[in-house]
Amino acid sequence: MPKQIIRYTGFFSHRYHAWHHVLFWLLYLSFASALIHIFNGRVNFLYLPANVVADTGLVYLNTFVLLPRFLLKGKYEKYLSYTFISLIICLIISFIGTNSITGEWFKFGWHNTVSKQTFGALLSLATLITAIAFKLFKEQLNSEERIHELERAKLEAELDFLKTQMNPHFLFNTLNGILVLTKTNPSKASETIIQLSDLLRYQTYECSGDQVLLSAEADYIKKYLDLQSLRFPDANIQFEMKGEIGGLTIFPFIFLPFVENAVKHGIEKSEKNGYIRIFIEVLNKKLLFFVENTNEGYKKHKKGGIGLMNIRRRLELLYPECYELEIKESEPLYSVKLNINLAQ
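Residues numbered from 1 in each chain as written. Predicted model: local features only at pLDDT ≥ 70, side-chain atom pairs only at ≥ 80, totals over all residues. Heavy atoms only, no water.

Here the focus is the environment of Ile 311. Relative to the helices and strands, Ile 311 resides in helix 8 (residues 306–318). Linking Ile 311 and Phe 258, residues 53 residues apart in sequence, is a C-alpha distance of 8.4 Å. If we skip the residues at most four places from it in the chain, Ile 311 touches Phe 253, Ile 254, Pro 257 and Phe 258. (Helix = DSSP H or I, 4+ residues; strand = E, 2+ residues; numbered from the N terminus. Contact = heavy atoms within 4.5 Å.)

Following this line, the structure appears as C-alpha coordinates:
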(Lines give C-alpha, C1' and ligand atoms only; values in the text may rest on other atoms or scores of the structure.)
Protein backbone atom coordinates (compact mmCIF):
# COMPACT_ATOMS: atom_id res chain seq x y z
CA MET A 1 0.00 0.00 0.00
CA PRO A 2 1.14 3.60 -0.22
CA LYS A 3 3.47 5.03 2.16
CA GLN A 4 1.36 4.74 5.22
CA ILE A 5 -0.03 7.94 6.65
CA ILE A 6 -0.79 7.51 10.31
CA ARG A 7 -3.22 9.64 12.24
CA TYR A 8 -1.80 10.04 15.73
CA THR A 9 -4.04 8.24 18.22
CA GLY A 10 -1.70 7.94 21.23
CA PHE A 11 -2.03 9.53 24.64
CA PHE A 12 -1.16 12.98 23.30
CA SER A 13 -4.01 12.95 20.80
CA HIS A 14 -6.99 15.27 21.19
CA ARG A 15 -9.25 12.51 22.54
CA TYR A 16 -7.30 12.60 25.85
CA HIS A 17 -7.39 16.39 26.07
CA ALA A 18 -9.19 16.48 29.42
CA TRP A 19 -6.75 13.97 30.93
CA HIS A 20 -3.85 16.18 29.91
CA HIS A 21 -5.22 18.97 32.11
CA VAL A 22 -5.98 16.67 35.04
CA LEU A 23 -2.52 15.08 35.06
CA PHE A 24 -0.81 18.41 34.55
CA TRP A 25 -2.40 19.94 37.63
CA LEU A 26 -1.86 16.80 39.70
CA LEU A 27 1.83 17.05 38.87
CA TYR A 28 1.69 20.73 39.73
CA LEU A 29 0.23 20.00 43.19
CA SER A 30 2.89 17.35 43.81
CA PHE A 31 5.67 19.72 42.81
CA ALA A 32 4.19 22.58 44.85
CA SER A 33 3.92 20.38 47.95
CA ALA A 34 7.55 19.37 47.56
CA LEU A 35 8.63 23.02 47.27
CA ILE A 36 6.59 24.02 50.32
CA HIS A 37 8.28 21.27 52.31
CA ILE A 38 11.71 22.41 51.15
CA PHE A 39 11.15 26.08 52.00
CA ASN A 40 9.16 25.56 55.22
CA GLY A 41 10.28 22.21 56.56
CA ARG A 42 6.68 21.01 56.52
CA VAL A 43 3.72 20.96 54.13
CA ASN A 44 1.27 23.81 54.81
CA PHE A 45 -1.52 23.73 52.25
CA LEU A 46 -2.55 27.29 53.15
CA TYR A 47 0.21 28.42 50.78
CA LEU A 48 -1.41 26.63 47.83
CA PRO A 49 -4.84 28.21 47.04
CA ALA A 50 -3.59 31.63 45.94
CA ASN A 51 -0.72 30.10 43.96
CA VAL A 52 -3.06 27.64 42.24
CA VAL A 53 -5.41 30.44 41.16
CA ALA A 54 -2.58 32.72 39.99
CA ASP A 55 -0.70 29.95 38.16
CA THR A 56 -3.86 28.63 36.51
CA GLY A 57 -4.54 32.08 35.08
CA LEU A 58 -0.88 32.40 34.02
CA VAL A 59 -0.82 29.03 32.23
CA TYR A 60 -4.10 29.38 30.34
CA LEU A 61 -3.48 33.02 29.41
CA ASN A 62 -0.14 32.03 27.95
CA THR A 63 -1.07 28.79 26.20
CA PHE A 64 -4.45 29.85 24.83
CA VAL A 65 -3.85 33.55 24.11
CA LEU A 66 -0.23 34.69 24.09
CA LEU A 67 1.37 31.62 22.56
CA PRO A 68 -0.94 31.24 19.51
CA ARG A 69 -1.34 34.99 18.98
CA PHE A 70 2.32 35.97 19.27
CA LEU A 71 4.86 33.13 19.63
CA LEU A 72 3.48 30.89 16.88
CA LYS A 73 3.22 33.89 14.56
CA GLY A 74 6.85 34.88 15.08
CA LYS A 75 6.12 37.96 17.25
CA TYR A 76 8.75 37.02 19.81
CA GLU A 77 9.32 40.43 21.41
CA LYS A 78 5.65 40.95 22.15
CA TYR A 79 5.34 37.40 23.42
CA LEU A 80 8.25 37.80 25.85
CA SER A 81 7.01 41.21 27.01
CA TYR A 82 3.47 40.05 27.71
CA THR A 83 4.71 36.83 29.31
CA PHE A 84 7.00 38.78 31.64
CA ILE A 85 4.20 41.16 32.60
CA SER A 86 1.76 38.30 33.22
CA LEU A 87 4.39 36.51 35.35
CA ILE A 88 4.89 39.61 37.52
CA ILE A 89 1.12 40.00 37.93
CA CYS A 90 0.88 36.30 38.84
CA LEU A 91 3.54 36.71 41.55
CA ILE A 92 1.79 39.79 42.98
CA ILE A 93 -1.55 37.95 43.07
CA SER A 94 -0.04 34.88 44.75
CA PHE A 95 1.79 37.08 47.27
CA ILE A 96 -1.27 39.07 48.23
CA GLY A 97 -3.55 36.01 48.21
CA THR A 98 -1.23 33.79 50.26
CA ASN A 99 -0.57 36.40 52.91
CA SER A 100 -4.25 37.25 53.09
CA ILE A 101 -5.02 33.61 53.82
CA THR A 102 -2.15 32.96 56.26
CA GLY A 103 -2.12 36.49 57.78
CA GLU A 104 1.68 36.40 57.85
CA TRP A 105 2.61 39.34 55.57
CA PHE A 106 5.97 40.53 56.96
CA LYS A 107 5.36 38.92 60.35
CA PHE A 108 8.51 36.76 60.28
CA GLY A 109 10.80 39.35 58.73
CA TRP A 110 12.03 40.16 55.25
CA HIS A 111 14.12 37.01 54.97
CA ASN A 112 11.07 34.78 55.44
CA THR A 113 9.02 36.91 53.02
CA VAL A 114 11.71 36.74 50.33
CA SER A 115 11.95 32.98 50.86
CA LYS A 116 8.20 32.55 50.33
CA GLN A 117 8.30 34.77 47.23
CA THR A 118 11.19 32.70 45.90
CA PHE A 119 9.01 29.63 46.38
CA GLY A 120 6.16 31.31 44.49
CA ALA A 121 8.42 32.50 41.68
CA LEU A 122 10.03 29.07 41.20
CA LEU A 123 6.66 27.35 41.21
CA SER A 124 5.11 29.77 38.71
CA LEU A 125 8.16 29.75 36.41
CA ALA A 126 8.48 25.95 36.42
CA THR A 127 4.74 25.59 35.80
CA LEU A 128 4.79 28.08 32.93
CA ILE A 129 7.84 26.52 31.24
CA THR A 130 6.34 23.03 31.52
CA ALA A 131 2.98 24.20 30.13
CA ILE A 132 4.65 25.99 27.21
CA ALA A 133 6.81 22.96 26.39
CA PHE A 134 3.79 20.66 26.47
CA LYS A 135 1.72 23.03 24.36
CA LEU A 136 4.48 23.34 21.75
CA PHE A 137 4.85 19.58 21.69
CA LYS A 138 1.13 19.14 21.01
CA GLU A 139 1.25 21.89 18.37
CA GLN A 140 4.05 20.00 16.65
CA LEU A 141 1.98 16.80 16.66
CA ASN A 142 -1.04 18.67 15.30
CA SER A 143 1.09 20.30 12.63
CA GLU A 144 2.50 16.93 11.53
CA GLU A 145 -1.00 15.47 11.50
CA ARG A 146 -2.26 18.30 9.29
CA ILE A 147 0.68 17.76 6.93
CA HIS A 148 -0.08 14.03 6.80
CA GLU A 149 -3.73 14.76 6.06
CA LEU A 150 -2.74 17.06 3.20
CA GLU A 151 -0.31 14.45 1.87
CA ARG A 152 -2.99 11.77 2.09
CA ALA A 153 -5.52 13.94 0.24
CA LYS A 154 -2.96 14.82 -2.42
CA LEU A 155 -1.93 11.17 -2.80
CA GLU A 156 -5.51 9.94 -3.13
CA ALA A 157 -6.30 12.64 -5.67
CA GLU A 158 -3.21 11.80 -7.71
CA LEU A 159 -3.88 8.06 -7.66
CA ASP A 160 -7.51 8.59 -8.64
CA PHE A 161 -6.37 10.76 -11.51
CA LEU A 162 -3.84 8.17 -12.67
CA LYS A 163 -6.45 5.41 -12.46
CA THR A 164 -9.00 7.37 -14.49
CA GLN A 165 -6.33 8.06 -17.08
CA MET A 166 -5.60 4.38 -17.38
CA ASN A 167 -9.16 3.22 -18.09
CA PRO A 168 -9.78 5.44 -21.14
CA HIS A 169 -6.43 4.32 -22.52
CA PHE A 170 -7.47 0.68 -22.22
CA LEU A 171 -10.89 1.38 -23.74
CA PHE A 172 -9.37 3.29 -26.63
CA ASN A 173 -7.16 0.34 -27.60
CA THR A 174 -9.91 -2.26 -27.21
CA LEU A 175 -12.67 -0.34 -28.99
CA ASN A 176 -10.38 0.27 -31.94
CA GLY A 177 -9.92 -3.48 -32.20
CA ILE A 178 -13.66 -4.12 -31.97
CA LEU A 179 -14.24 -1.54 -34.71
CA VAL A 180 -12.00 -3.54 -37.04
CA LEU A 181 -13.78 -6.79 -36.13
CA THR A 182 -17.22 -5.35 -36.91
CA LYS A 183 -16.08 -5.01 -40.51
CA THR A 184 -14.17 -8.28 -40.87
CA ASN A 185 -15.91 -10.70 -38.49
CA PRO A 186 -19.19 -9.43 -36.92
CA SER A 187 -19.84 -12.59 -34.88
CA LYS A 188 -16.40 -12.41 -33.31
CA ALA A 189 -16.96 -8.69 -32.64
CA SER A 190 -20.08 -9.65 -30.66
CA GLU A 191 -18.10 -12.15 -28.60
CA THR A 192 -15.44 -9.55 -28.00
CA ILE A 193 -18.01 -7.09 -26.68
CA ILE A 194 -19.12 -9.69 -24.10
CA GLN A 195 -15.50 -10.13 -23.02
CA LEU A 196 -15.12 -6.37 -22.75
CA SER A 197 -18.30 -6.21 -20.65
CA ASP A 198 -16.74 -8.62 -18.11
CA LEU A 199 -13.63 -6.48 -17.92
CA LEU A 200 -15.59 -3.28 -17.43
CA ARG A 201 -17.66 -4.91 -14.70
CA TYR A 202 -14.42 -5.66 -12.86
CA GLN A 203 -13.21 -2.10 -13.31
CA THR A 204 -16.50 -0.57 -12.21
CA TYR A 205 -17.48 -2.71 -9.23
CA GLU A 206 -14.60 -4.82 -7.98
CA CYS A 207 -12.04 -2.02 -8.12
CA SER A 208 -14.05 0.51 -6.12
CA GLY A 209 -11.78 0.02 -3.08
CA ASP A 210 -8.09 0.73 -2.69
CA GLN A 211 -6.99 -2.86 -3.19
CA VAL A 212 -8.29 -6.00 -4.86
CA LEU A 213 -7.54 -9.68 -4.46
CA LEU A 214 -4.45 -10.73 -6.37
CA SER A 215 -6.43 -13.69 -7.72
CA ALA A 216 -9.07 -11.30 -9.12
CA GLU A 217 -6.43 -9.09 -10.73
CA ALA A 218 -4.77 -12.13 -12.30
CA ASP A 219 -8.15 -13.34 -13.57
CA TYR A 220 -8.71 -9.89 -15.06
CA ILE A 221 -5.40 -10.16 -16.95
CA LYS A 222 -6.36 -13.62 -18.19
CA LYS A 223 -9.70 -12.36 -19.49
CA TYR A 224 -7.96 -9.42 -21.11
CA LEU A 225 -5.64 -11.83 -22.91
CA ASP A 226 -8.60 -13.99 -23.94
CA LEU A 227 -10.10 -10.89 -25.52
CA GLN A 228 -6.86 -10.28 -27.39
CA SER A 229 -6.88 -13.88 -28.57
CA LEU A 230 -10.23 -13.21 -30.21
CA ARG A 231 -8.78 -10.20 -31.96
CA PHE A 232 -5.56 -11.99 -32.96
CA PRO A 233 -6.31 -15.72 -33.38
CA ASP A 234 -2.91 -16.45 -34.89
CA ALA A 235 -0.95 -14.90 -32.03
CA ASN A 236 0.97 -17.03 -29.54
CA ILE A 237 -0.35 -15.85 -26.16
CA GLN A 238 0.73 -17.72 -23.01
CA PHE A 239 -0.36 -17.10 -19.44
CA GLU A 240 0.85 -18.99 -16.34
CA MET A 241 0.31 -18.43 -12.64
CA LYS A 242 1.98 -20.24 -9.72
CA GLY A 243 2.31 -19.97 -5.96
CA GLU A 244 0.35 -18.98 -2.88
CA ILE A 245 -1.94 -16.19 -4.03
CA GLY A 246 -4.92 -16.93 -1.78
CA GLY A 247 -5.94 -13.97 0.36
CA LEU A 248 -3.24 -11.63 -0.94
CA THR A 249 -4.26 -8.19 -2.14
CA ILE A 250 -2.75 -5.73 -4.57
CA PHE A 251 -3.53 -2.31 -5.95
CA PRO A 252 -5.59 -2.64 -9.15
CA PHE A 253 -4.21 -2.23 -12.67
CA ILE A 254 -0.57 -2.62 -11.65
CA PHE A 255 0.03 -5.18 -14.43
CA LEU A 256 -2.29 -3.86 -17.14
CA PRO A 257 0.00 -1.20 -18.69
CA PHE A 258 2.76 -3.78 -19.18
CA VAL A 259 0.28 -6.23 -20.71
CA GLU A 260 -1.14 -3.53 -22.98
CA ASN A 261 2.36 -2.61 -24.07
CA ALA A 262 3.11 -6.27 -24.84
CA VAL A 263 -0.04 -6.52 -26.94
CA LYS A 264 0.77 -3.33 -28.79
CA HIS A 265 4.36 -4.21 -29.64
CA GLY A 266 4.25 -7.99 -29.50
CA ILE A 267 1.09 -8.58 -31.55
CA GLU A 268 -0.35 -5.47 -33.16
CA LYS A 269 2.94 -4.31 -34.64
CA SER A 270 4.38 -7.72 -35.43
CA GLU A 271 4.87 -8.37 -39.12
CA LYS A 272 4.71 -12.11 -38.45
CA ASN A 273 2.83 -14.04 -35.78
CA GLY A 274 3.16 -12.21 -32.48
CA TYR A 275 4.23 -13.73 -29.18
CA ILE A 276 3.39 -12.84 -25.58
CA ARG A 277 4.26 -14.79 -22.45
CA ILE A 278 3.04 -13.68 -19.02
CA PHE A 279 4.10 -15.39 -15.82
CA ILE A 280 2.93 -14.59 -12.27
CA GLU A 281 4.40 -16.31 -9.22
CA VAL A 282 4.04 -15.70 -5.47
CA LEU A 283 6.42 -17.12 -2.89
CA ASN A 284 6.37 -16.04 0.78
CA LYS A 285 4.29 -12.98 -0.15
CA LYS A 286 6.87 -11.93 -2.70
CA LEU A 287 5.31 -11.37 -6.09
CA LEU A 288 7.04 -11.87 -9.42
CA PHE A 289 5.34 -10.57 -12.54
CA PHE A 290 7.10 -11.30 -15.83
CA VAL A 291 6.02 -10.43 -19.33
CA GLU A 292 7.90 -11.13 -22.54
CA ASN A 293 6.90 -10.25 -26.08
CA THR A 294 8.24 -9.93 -29.59
CA ASN A 295 9.80 -6.58 -30.30
CA GLU A 296 8.59 -5.74 -33.78
CA GLY A 297 8.22 -2.01 -34.34
CA TYR A 298 9.18 -1.04 -30.81
CA LYS A 299 12.18 1.05 -31.81
CA LYS A 300 9.92 3.29 -33.86
CA HIS A 301 7.94 4.13 -30.70
CA LYS A 302 10.68 4.43 -28.16
CA LYS A 303 8.94 6.90 -25.88
CA GLY A 304 6.13 4.57 -24.76
CA GLY A 305 2.53 5.36 -23.94
CA ILE A 306 0.64 7.02 -21.15
CA GLY A 307 0.04 3.65 -19.46
CA LEU A 308 3.74 2.97 -18.83
CA MET A 309 4.36 6.49 -17.57
CA ASN A 310 1.45 6.10 -15.16
CA ILE A 311 2.54 2.75 -13.85
CA ARG A 312 6.03 3.99 -13.00
CA ARG A 313 4.50 6.80 -11.00
CA ARG A 314 1.97 4.49 -9.31
CA LEU A 315 4.70 2.07 -8.25
CA GLU A 316 6.66 4.91 -6.66
CA LEU A 317 3.57 6.02 -4.74
CA LEU A 318 2.07 2.67 -3.80
CA TYR A 319 5.12 0.49 -3.13
CA PRO A 320 7.98 2.80 -2.09
CA GLU A 321 11.15 0.77 -1.47
CA CYS A 322 9.09 -2.42 -1.82
CA TYR A 323 9.42 -3.07 -5.54
CA GLU A 324 11.99 -3.63 -8.26
CA LEU A 325 11.26 -2.99 -11.91
CA GLU A 326 13.54 -4.27 -14.64
CA ILE A 327 12.89 -3.67 -18.33
CA LYS A 328 15.08 -5.31 -20.96
CA GLU A 329 15.09 -4.90 -24.70
CA SER A 330 16.97 -7.29 -26.91
CA GLU A 331 16.51 -8.75 -30.35
CA PRO A 332 13.96 -10.06 -30.88
CA LEU A 333 12.36 -9.85 -27.40
CA TYR A 334 11.27 -7.17 -24.99
CA SER A 335 10.71 -8.17 -21.34
CA VAL A 336 9.52 -6.69 -18.07
CA LYS A 337 10.23 -8.15 -14.63
CA LEU A 338 8.43 -6.66 -11.65
CA ASN A 339 9.07 -7.82 -8.07
CA ILE A 340 6.81 -6.57 -5.26
CA ASN A 341 7.07 -7.40 -1.58
CA LEU A 342 3.43 -7.76 -0.54
CA ALA A 343 4.35 -8.41 3.08
CA GLN A 344 5.05 -4.71 3.74
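The structure having been displayed, the exposition proceeds.
This part takes up helix 3 (residues 76–102). In this model, helix 3 (27 residues) spans 38 Å end to end at C-alpha, consistent with the 39 Å of a helix rising 1.5 Å per residue. Every buried residue belonging to helix 3 is among Tyr 79, Thr 83, Ser 86, Leu 87, Cys 90, Leu 91, Ser 94, Phe 95, Gly 97, Thr 98 and Asn 99, and all of these are buried. Within two residues after helix 3, Gly 103 carries a phi angle of roughly 70°, on the positive side. (Expected span 1.5 Å × (residues − 1). Buried < 20%, exposed > 50% of the residue type's maximum accessible area, 1.4 Å probe, protein only.)

Time to look at the pairing of strand 4 (residues 275–283). In this structure, strand 2 (residues 236–243) lies alongside strand 4, joined through eight bridges in parallel fashion. Note that in strand 4 the partner of Met 241 across the bridge is Ile 280. Turn length for the strand 4-strand 5 (residues 286–294) hairpin, with the two strands adjacent in sequence and antiparallel, is two residues, and the turn residue Asn 284 shows positive phi of about 55°. (Pairing = 2+ DSSP bridges.)

The next subject is the environment of Leu 181. The residue Leu 181 is located in helix 4 (residues 109–184) in this model. In this structure the C-alpha to C-alpha distance between Leu 181 and Thr 192, which are eleven residues apart in sequence, comes to 8.7 Å.

When the pLDDT values of the protein chain are averaged, the result is 80; 79% of them are 70 or greater. Taken as a whole, residues 1–8 scores under 50 in pLDDT and shows 21 contacts with residues more than four places along the chain or in a different chain. (pLDDT = per-residue confidence, 0-100.)

Attention shifts here to the pairing of strand 7 (residues 333–341). Looking along a regular strand, one sees the side chains alternate between the two faces of the sheet. Across nine bridges, the pairing between strand 5 and strand 7 is antiparallel. Residue Leu 288 lies in a different strand from strand 7, and its bridge partner there is Asn 339. Note that strand 6 (residues 323–329) and strand 7 share seven bridges and pair antiparallel. The partner of Glu 324 across the bridge, within strand 7, is Asn 339. Connecting strand 6 to the antiparallel partner strand 7 that follows it, the hairpin turn spans three residues.

At a minimum axis distance of 11 Å, the contact between helix 6 (residues 214–231) and helix 7 (residues 256–268) shows a crossing angle of 20°. Our classification of the angle between helix 6 and helix 7 gives roughly parallel. Seen along the crossing, helix 6 lies across helix 7 with a hand that is right-handed. Contact residues: helix 6 offers Tyr 220, Ile 221, Tyr 224, Leu 225, Gln 228 and Arg 231, while helix 7 offers Leu 256, Val 259, Glu 260, Val 263 and Glu 268. (Axes fitted to C-alpha atoms, helices over the stretch in contact; angles between N-to-C directions. Parallel < 35°, antiparallel > 145°, perpendicular 65-115°, else oblique. Left-handed = near helix turned anticlockwise from the far one by under 90°.)

So, on to the pattern of salt bridges. Scanning the entire structure with this criterion turns up six salt bridges. Note that Lys 222 and Asp 226 form a salt bridge whose closest N and O atoms lie 3.6 Å from each other. In this pair, Lys 222 and Asp 226 are both assigned in helix 6, four residues apart and thus about one turn of the helix distant. The exposure class assigned to Lys 222 is partly exposed, which follows from its relative accessible area of 38%. (Salt bridge = Lys/Arg side-chain N within 4 Å of Asp/Glu carboxyl O.)

The phi torsion at Phe 253 lies on the positive side, around 65°, for a residue other than glycine. Tracing the backbone through its elements, the reader meets Phe 253 in the loop between strand 3 (249–250) and helix 7. Classification of Phe 253 as buried rests on a relative accessible area of 0%.

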